[in-house]
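Reading the structure
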Amino acid sequence: MIHSSKMKLSYALLTMAVVLSACSGGNNAKPTNGSSASPSASPSATASATSSASASPAASEETEADLQFGKYDPPIEVSTVRAVGSDLKFPEGQSWEDNVWTRKLMDSLGIKLKHQWIVNTDQGTEKMNISIASGNLPDFFSVSATQLSQLVEAGQIMDMTEIYQKHASPTFKKYTESVTNGLATATFDGKMMALPTGQATSDSAPLLWIRRDWLKKLDLPEPKTMADVLAISDAFTNQDPDGNNKKDSYGLAVNKTLLMYNGGQAFGSLEGFFNSYHAYPQSWIKGEDGKLVYGSIQPEMKQALASLQQMYKNGQIDKEFGVKGDAKVLALASAGKLGMAYGPMFFSLTLLDSRKNDPNADWQAYPIVSIDDQAAYSQTQANAISDYYVINKNAKNPEAMFKMINVSVDMDTNPNVSQEEYEELNYVDGIEVWQYFPFFVVNPNKNLEVHKKVVTALDSKDTTGLNQEQLDAYKNSLAMEEGTGDATNWGMSKVFGREGSYSVIDKLLSANLFKPSEFIKSPTKTMTIKNATLQKLEIQTYTKIIMGESLDSFDKFVEDWKKLGGDQITVEVNEAMQ
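The structure reproduced in this document is the subject of the present report. In this text the structure is predicted, and so the values were computed from the model without any measurement. Positions within a chain are numbered from 1, following the residues in the order the chain's sequence is written. In keeping with the model being predicted, local features are shown solely for residues with a pLDDT of at least 70 and side-chain atom pairs are shown and tallied solely at 80 or more, while totals for entire chains, interfaces and linings include all residues. Water and hydrogen atoms play no part in the side-chain values, which are based on all heavy atoms of the structure.

1. Focus: helix α4 (residues 100-109)
In an α-helix, one turn spans 3.6 residues; hence positions three or four apart end up facing the same way. Here the term buried applies to any residue with accessible area under 20% of the maximum for its type, exposed to any over 50%, and partly exposed to those in between, with areas from a 1.4 Å probe on protein chains only. Only DSSP runs of H or I covering at least 4 residues are called helices, and only runs of E covering at least 2 are called strands; the numbering of each starts at the N terminus. With 7 of 10 residues buried, α4 lies mostly within the body of the structure. In the analysis that follows, any N or O atom pair within 3.5 Å is treated as a polar contact, provided that within protein one partner can donate a hydrogen and the other can accept it, and provided that, for residues neighboring in sequence, both atoms belong to side chains. Structurally, the start of α4 carries an N-cap: the backbone nitrogen of Trp101 is 2.8 Å from a side-chain oxygen of Asn99. One or two steps after α4, the chain reaches Gly110, where phi turns positive at roughly 70°.

Here it is, written out as structure tokens:
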């Protein structure tokens, strides 16, 4: 879901380059990089609402259109809360209580939206925890997995099973039921207690991004094995790929957090490197006995760390990686000092400066490759849920949440939505007005679908049936094929075009080469208490080993992890999954 002018889902995913933990709950945080979640109502949705303007939600003769888009008469008032970035702006004359989206909801549905509180993103979790503790809750709000469990246990939220079935539109239901493990994690004792929303788990799976122009310059083959990757790293370090007669480039990007999940940083993350050795850090995988084990303490990790240690010793990894976040590592890439990086499908969008600084820079996505004759799997999370939306048990009009979302998702499959309407409710004069809408619900599989439609249109040169986001992605890719593209066109085509990252993801999906974490439940009791400490120990140990500490320290880490709560967490994880 992406536009050159208002990146919907793909730039939403671009924010995962800043932190993939943007989906930590309770804050409703959304992308701030020119992106657009693009909730907009199509003419058909508006027509449905208008035609049933006098319909009462309680009327026995209600049609399906009434149930999904019926306008309240008289209007109703509903409340929510928000946590948003400090840089969010409003056009002149607009505010949180009076803006393009509050007006749209009133005009289409007869809903007046009120906010109990609005805080900065970094305060969202704490503020929601206070609201939960006090019981002072709005009608609808977003929570984390942990907060969801607390609310269910305290009986503070509503079972939405029947409301969802009755009032969610078919498109809306398709989106919800496509969220991997979404309904499973939102269901308690057979009751749907939350609405899960998010992206496809494959969207955050690690791929291998390589300067293909450097491969060609040094006459190196595209990688088929991990031995190829290691040879490429050595060549990028020692064979002057940038042609400046200096040994000032690095084979592999590495940042100080090492991993991108659980609060880590994306550019320079190493999940993909570890996956090539059949190691799956911070993921729960099946052991030989069928029980779940923690991937970070398995023997395969040790072999991968040994390779990284050798690469560091040989100068293929920046000696200062241990103090550099992904922004500083990305700066090395922009300056033409890096040749490879592991990370998700959106990386070309973070590498626009690399392309601007060097028009020949051609970062290409490849599947990860294996260290041996066994297939390499890209690890994914058990789910990629960005929000759990819940309904206060005392809400007078619980169906209103579904009606509002129906209006926003209708546009995703409606090619009749005009560019003018799309712009008005999404991105106006540099202001991301889509953020005023209280929910973020998208088709989890949209990015892959956009790629497929773009390729079809490139082949036929027929754009009939493409909606606005698909058309924008097509135009970006076409510009590159015609030789008229700029850096932004390049970045977009490297995601959606013929050779874009989604061409790789499509092949991996077809070959079933993703390995999701097997643990899909809420954090266990001991996990909640001790995970942060254990993960800190993990990253510290890995970092020291890469920098030259004895590999035996990995064995000591495994012992300590088990003693400090890991064994108990493992017991709880397996009990929860049973």
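2. Describing the packing of helix α19 (residues 446-460) against helix α22 (residues 501-510)
For helices, the axis comes from a line fit to the C-alpha atoms of the stretch in contact; other axes are also lines fit to C-alpha atoms, and the angle between any two N-to-C directions lies between 0 and 180 degrees. The interhelical angle for the contact between α19 and α22, taken along N-to-C directions, is 110°, at an axis separation of 10 Å. Here α22 runs roughly perpendicular to α19, going by the angle between their axes. Facing α19, whose interface residues are Asn447, Leu448, His451 and Lys452, α22 presents Tyr502, Ser503, Asp506 and Leu509. Residues are grouped as follows: Ala, Val, Leu, Ile, Met, Phe, Trp, Tyr, Cys and Pro are nonpolar; Asp, Glu, Lys and Arg are charged; all remaining types, including Gly, are polar. Residues belonging to the contact of α19 with α22 are distributed by class as follows: 3 nonpolar, 3 polar and 2 charged. Orientation labels follow simple angle bins: below 35 degrees gives roughly parallel, above 145 gives roughly antiparallel, 65 to 115 gives roughly perpendicular, and whatever is left gives oblique. Here, two residues are considered to be in contact whenever any of their heavy atoms come within 4.5 Å of each other.

3. Some details on the nonpolar core
Note on terminology: a nonpolar core comprises buried Ala, Val, Leu, Ile, Met, Phe, Trp, Tyr and Cys residues joined through side-chain atoms within 4.5 Å. Core analysis: the biggest nonpolar cluster contains 50 residues, and Leu252, Leu258, Leu270, Phe273, Phe274, Trp284 and Leu308 have the highest contact counts within it. When near neighbours in sequence (up to four residues on either side) are disregarded, Leu308 contacts Leu252, Leu270, Phe273, Phe274, Ile317 and Ile546. One finds Val78, Met192, Val409 and Leu425 within the second-largest nonpolar core, a separate group that totals 43 residues.

4. Let's talk about the pattern of salt bridges
Within this document, salt bridges are pairs made up of a side-chain nitrogen of Lys or Arg and a carboxyl oxygen of Asp or Glu, the two lying within 4 Å of each other. For the coordinates displayed, the defined rule picks out 17 salt bridges. The salt bridge partner of Arg211 is Asp213, with a shortest N-O separation of 2.7 Å. For the residue pair Arg211 and Asp213, the accessibility class agrees, reading buried in each case. In this structure, Lys446 engages Glu469 in a salt bridge whose closest nitrogen and oxygen atoms are separated by 2.9 Å. Remark: Glu469 occurs in helix α20 (residues 468-481) and Lys446 occurs in helix α19; sequence separation between them is 23 residues.

5. Notes on the packing of aromatic side chains
Pairing of aromatic rings covers Phe, Tyr and Trp, the last counted by its six-membered ring, and requires centre-to-centre distances within 6.5 Å; plane angles under 30 degrees mean stacked, over 60 mean edge-to-face, and any other angle means tilted. Evaluated as defined, the whole model comprises 25 aromatic pairs. Arranged with centres 5.3 Å apart and planes meeting at 80°, the rings of Phe90 and Trp96 form a pair that is edge-to-face. Judged by relative accessible area, Phe90 falls into the partly exposed class, the value being 24%. For the pair Tyr312 and Phe321, a centre-to-centre distance of 5.9 Å together with 80° between the ring planes defines the contact as edge-to-face. For Tyr312, a relative accessible area of 11% corresponds to the buried category. Relative accessible area serves as the criterion here: at 0%, Phe321 is assigned to the buried category. Within the aromatic cluster, the residues linked to one another by ring pairs are Phe273, Phe274, Tyr277, Tyr342, Tyr542, Phe554 and Phe557.

6. Examining the pairing of strand β13 (residues 385-391)
Within β13, 7 of the 7 residues are buried, which leaves the element mostly enclosed by the surrounding structure. Pairing geometry for strand β3 (residues 140-143) and β13, over 4 bridges, is antiparallel. Looking at β13, one finds that Ser142 is bridged to Tyr389. Pairing between strands requires that DSSP locate at least two bridges from one strand to the other. Pairing between strand β6 (residues 195-198) and β13: 4 bridges, direction antiparallel. Counted as the bridge partner of Pro196 is Tyr388 from β13.

7. Notes on the side chain of Ser477
In this structure, Ser477 sits in helix α20. Classification of Ser477 as buried rests on a relative accessible area of 2%. When sequence neighbours within four positions are dropped, the list of residues in contact with Ser477 reads Val454, Leu458, Ser493, Phe496 and Gly497.

Note that all results are geometric; they support no functional claim without further evidence.
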